[in-house]
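Now for the letters of each chain:
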Amino acid sequence: GARGGLIEPLTGQFVLNFETAAIERKVRALHERTAEEWFELGMTWDANASTFEDAIHAYHQAIEAAPEWVEAYINLGTTLFQVGRIGESREVFAAAVERDSRNALAHFNLGCAHERLGDTATAIGNFRTALSLAPHMPDAHLNLALAYEKTGAKADALNHFSLYLRYEPQGPWADFARTRDVH
């Protein structure tokens, strides 16, 4: 009995310290995920609307670990856009463009955010920049055509509907574009 009383607190203390150390290691390990691991988690989570917020967190972590990784910004911005946080998505896409001014997708997505926020003129500039970098990007031709149509620039709109159809003849918007395209 007495011997048990002497050993027990020591064992208890040892177990407690060991468990605390193990928990601390697990917590540290959580924070020590690589940018790539966070990015992979983000891609897993952004595939399902129910886990979009988890994806946003994961992409933020990836960016924190690798502040120049443009694809992480693009994926974060896209997920923010999908949950309706358009202003935030615009800031994230702008950060992507700052990091890589030659990334057509970053310019395109920035244009989508500007368009959704009602800034069609800026969106047109973003789409034109995207197309200067990637002339065969069908979605950029389509969005530019729609933006031009909105501003009344019919000839420019028809030109880009036609280009959309050239690159995406069976695309999801092909029938719509054909109703706009006189060719």
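About the thresholds
- Residues numbered from 1 in each chain as written.
- Predicted model: local features only at pLDDT ≥ 70, side-chain atom pairs only at ≥ 80, totals over all residues.
- Heavy atoms only, no water.
- Helix = DSSP H or I, 4+ residues; strand = E, 2+ residues; numbered from the N terminus.
- Buried < 20%, exposed > 50% of the residue type's maximum accessible area, 1.4 Å probe, protein only.
- Contact = heavy atoms within 4.5 Å.
- Areas by Shrake-Rupley, 256 points an atom, 1.4 Å probe, with all protein chains shown as cover.
- pLDDT = per-residue confidence, 0-100.
- Core = buried A, V, L, I, M, F, W, Y, C linked by side-chain atoms within 4.5 Å.
- Axes fitted to C-alpha atoms, helices over the stretch in contact; angles between N-to-C directions.
- Parallel < 35°, antiparallel > 145°, perpendicular 65-115°, else oblique.
- Left-handed = near helix turned anticlockwise from the far one by under 90°.
- Nonpolar A, V, L, I, M, F, W, Y, C, P; charged D, E, K, R; others polar.

Asks: I would appreciate a short explanation of the overall build of the chain in the present structure.
Replies: Summing up its helical and strand segments, the chain has ten helices and zero strands in all. Counting from the amino terminus, the chain carries its helices and strands in the arrangement α-α-α-α-α-α-α-α-α-α. Across the 183 residues that make up the chain, the buried fraction comes to 38%. Within the chain, counting contacts between residues at least 6 apart in sequence, those at least 24 apart form 40% of the total. When the accessible surface of the chain is totalled, it reaches about 10,700 Å², and 56% of it is carbon and sulfur.

Asks: Mind showing me how you'd approach the confidence of the model for the chain here?
Replies: Low-pLDDT portions of the prediction should not be read for the details of their coordinates. Mean pLDDT over the chain: 88, with 81% of residues reaching 70 or higher. This model gives residues 1-11 a pLDDT under 50, and the stretch forms one contact once residues within four places in sequence are excluded.

Asks: I tried to follow the nonpolar core on my own but got confused; where do I start?
Replies: Nonpolar side chains tend to gather and get buried jointly when the protein is soluble and globular. In terms of nonpolar packing, the biggest core is built from 23 residues, with Y73, L76 and A96 touching the most fellow members. Every element with two or more residues in this core is listed here: α2 (35-45), α3 (52-65), α4 (70-82), α5 (86-99) and α6 (104-116). Those residues in contact with Y73 that sit more than four places away from it in its chain are I63, P67, V92, F93, A95, A96 and R99. Ranked by size, the runner-up nonpolar core spans 21 residues in total, among them L142, L144, F161 and A177.

Asks: Which parts of the structure should I look at to understand the packing of helix α8 (residues 138-151) against helix α9 (residues 154-167)?
Replies: How two helices sit against one another is set out by the angle between their axes and by the gap between those axes. The N-to-C vectors of α8 and α9 enclose an angle of 160 degrees; their axes lie 8 Å apart at closest approach. Classified by the interaxial angle, the pair formed by α8 and α9 is roughly antiparallel. Note on packing geometry: the crossing formed by α8 with α9 is left-handed. Here P138, D139, H141, L142, L144, A145, L146, Y148 and E149 of α8 lie close against α9, whose contacting residues are D156, A157, H160, F161, L163, Y164 and Y167. Here the residues of the contact of α8 with α9 are counted per class, giving eleven nonpolar, two polar and three charged.

Asks: How should the packing of α3 against α4 be read in this particular structure?
Replies: At their nearest, the axes of α3 and α4 sit 9 Å apart, and the two run at 155 degrees to each other. Between α3 and α4, the angle falls in the class roughly antiparallel. Classified by chirality, the crossing of α4 by α3 is left-handed. Contact with α3, carried on its side by F52, A55, I56, Y59, H60, A62 and I63, involves A72, Y73, N75, L76, T79, L80 and Q82 of α4 and no other residues of that element. Partitioned by chemical class, the residues of the contact of α3 with α4 number ten nonpolar, four polar and no charged.

Asks: What is the right way to read the environment of I86 from this model?
Replies: When you line up the elements, I86 lands in helix α5. Relative accessible area serves as the criterion here: at 8%, I86 is assigned to the buried category. Sequence spacing of I86 and C112 is 26 residues, and the spatial spacing of their C-alpha atoms is 9.3 Å. Among all residues touching I86, those that are not within four sequence positions of it are F81, A113, R116 and L117.

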